[in-house]
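Each chain, letter by letter, is given below.
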Amino acid sequence: MAASYVHSDHDSEDSSEDECMVQVGLSEVFTPARLTARCRAFGLEPGENFDIVNGCDLGTIEGRGAVQRHLDLHAPKCVVLSPPCTMFSRLMASNRSRMDPDIYNQRLAHGRSLLHFAIAICWKQLRRGDYFLLEHPASADSWREPQMLKLMRATGVIVSTFDQCRFGLKAPFTELPIQKKTRFVHNMPAVDQLFGNAMCQCVVPHQHVEGSICGVKLSTYCQVYNEVLCQAMLHGIRAEIPL
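Definitions and cut-offs
Residues numbered from 1 in each chain as written. Predicted model: local features only at pLDDT ≥ 70, side-chain atom pairs only at ≥ 80, totals over all residues. Heavy atoms only, no water. Helix = DSSP H or I, 4+ residues; strand = E, 2+ residues; numbered from the N terminus. Buried < 20%, exposed > 50% of the residue type's maximum accessible area, 1.4 Å probe, protein only. Contact = heavy atoms within 4.5 Å. Areas by Shrake-Rupley, 256 points an atom, 1.4 Å probe, with all protein chains shown as cover. Lys, Arg positive; Asp, Glu negative; His and termini not counted. Charge placed at Lys NZ, Arg CZ, Asp CG, Glu CD. Pairing = 2+ DSSP bridges. Phe/Tyr/Trp six-rings, centres within 6.5 Å; stacked < 30°, edge-to-face > 60°. Lys NZ or Arg CZ within 6 Å of the ring centre and 35° of its normal. Disulfide = S-S within 2.5 Å.

> Explain the overall build of the chain to me, please; I cannot follow it from the model alone.
Helix and strand content of the chain: seven helices and ten strands. Projected onto its principal axes, the C-alpha coordinates of the chain cover approximately 55 × 45 × 35 Å. For the chain, buried positions account for 48% of its 243 residues. For the chain, long-range pairs separated by at least 24 residues make up 67% of all intrachain contacts whose partners lie at least 6 apart in sequence. Carbon together with sulfur atoms contributes 53% to the accessible area of the chain, which is approximately 12200 Å² in total. Computed over 24 positive and 26 negative side-chain charges, the inter-centroid distance for the chain is 8 Å.

> Any chance you could explain the pairing of strand β3 (residues 26–29) here in plain terms?
Every regular strand shows the same layout, with side chains that alternate between the two sheet faces. Of the two faces of β3, the one carrying Leu26 and Glu28 and the one carrying Ser27 and Val29 are both buried. Of the pairings in the sheet, the one linking β3 to strand β4 (residues 46–50) comprises three bridges and is parallel in character. Bridged to valine 29 within β4 is phenylalanine 50. Judged from the four bridges that link them, β3 and strand β5 (residues 78–81) form a sheet pairing that is parallel. Bridging across to β5, valine 29 finds its partner in leucine 81.

> Where do I start with the packing of aromatic side chains in this structure?
Centre distance and the angle of the planes are the two values used to describe a pair of aromatic rings. This structure, assessed with the given rule, holds six aromatic pairs. Centroid distance phenylalanine 30 to phenylalanine 117: 6.3 Å. Interplanar angle 75°. Geometry classified as edge-to-face. Placement of the pair is phenylalanine 30 in the loop between β3 and β4 and phenylalanine 117 in helix α3 (residues 101–127), with a sequence separation of 87 residues. You'll find phenylalanine 30 and phenylalanine 117 in the same group, each marked buried. Here phenylalanine 162 and phenylalanine 167 contribute two aromatic rings whose centre-to-centre distance is 5.5 Å and whose plane-to-plane angle is 85°, an arrangement assigned as edge-to-face. Taking the relative accessible area as the measure of exposure, phenylalanine 162 reaches 0% and is therefore buried. Feature note: the residues Phe162, Phe167, Phe184 and Phe195 constitute an aromatic cluster, connected by ring pairs. A cation over an aromatic ring shows up here: arginine 34 above the ring of tyrosine 225, its NZ or CZ 4.0 Å from the ring centre. We note arginine 183 situated over the ring of tryptophan 143; from NZ or CZ to the ring centre the distance is 5.4 Å.

> Explain the state of the cysteines to me, please; I cannot follow it from the model alone.
Here, disulfide denotes a covalent bond that connects the sulfur atoms of two cysteines. In total, this model carries zero disulfides according to the counting rule given. The closest cysteine sulfur to the non-disulfide-bonded cysteine 85 is located on cysteine 222, 11 Å from its own sulfur. Cysteine 85 gets classed as partly exposed once you look at its relative accessible area, which sits at 26%. Free of any disulfide, cysteine 230 has its nearest cysteine sulfur in cysteine 39, 11 Å distant.

> How should I be thinking about the environment of histidine 116 in this particular structure?
Residue position: histidine 116 is located in helix α3. For the pair histidine 116 and aspartate 57, spaced 59 residues apart in the sequence, the C-alpha separation amounts to 15 Å.

Keep in mind these numbers describe shape, not what the thing actually does.
Okay, structure coming up:
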């Protein structure tokens with residue numbers, strides 16, 4: 001899809017100047033190029049992706065400023081976000097008693113800051129009538145954060161929970177399915193039709209996400225969206241965005 005040109009009339013949180021800007025179909029925050037690398041095949045103009053692996057530290061004023069400028073200038077129809085979940089994980093909860101309290105509290109504050117920045121982007125998209133999708137493990141404590149609960153209760157917001165084994169997640173080398181229960185908060189009914197309550201139908205044992213297989217750390221491996229999951233996400237997003 002060729003980029004369209006729209007006139008800026010956003011509120012004071014957006015650009016205050018009336019100007020023409022190139023609108024993109026999809027951008028990613030807290031993630032390398034997963035969907036943006038594939039979205040042209042779905043007729044969506046790719047925006048940018050912002051992540052520490054690309055040199056964009058979203059814990060800094062400069063990194064967040066780069067995201068805000070992109071959102072204001074290119075007004076992506078959909079923003080997909082995957083903020084770090086480490087400090088909200090079950091593993092971190094089990095390890096907390098063995099950590100220095102000051103270090104734990106410092107890291108938790110940083111994790112919350114990143115999560116709250118992601119949630120603010122969701123609100124920005126929602127207020128201007130565009131789309132967002134934020135992903136975290138279903139078991140993460142982030143879903144109980146007050147700011148997250150407020151977003152989940154907002155009009156038009158949907159929560160979809162699913163098992164990634166339904167979307168092709170398999171362990172390296174063994175090819176055993178990995179369940180990894182996951183949750184999206186978003187505002188796209190077409191995404192919910194694909195992912196809402198799409199639970200495990202496996203008839204073979206699952207690979208637990210712990211340790212390593214042939215030197216591949218499973219927790220890191222499972223952070224990468226596989227091809228089937230990417231394609232399904234793009235199908236759902238594309239269904240909500242008209243040509």
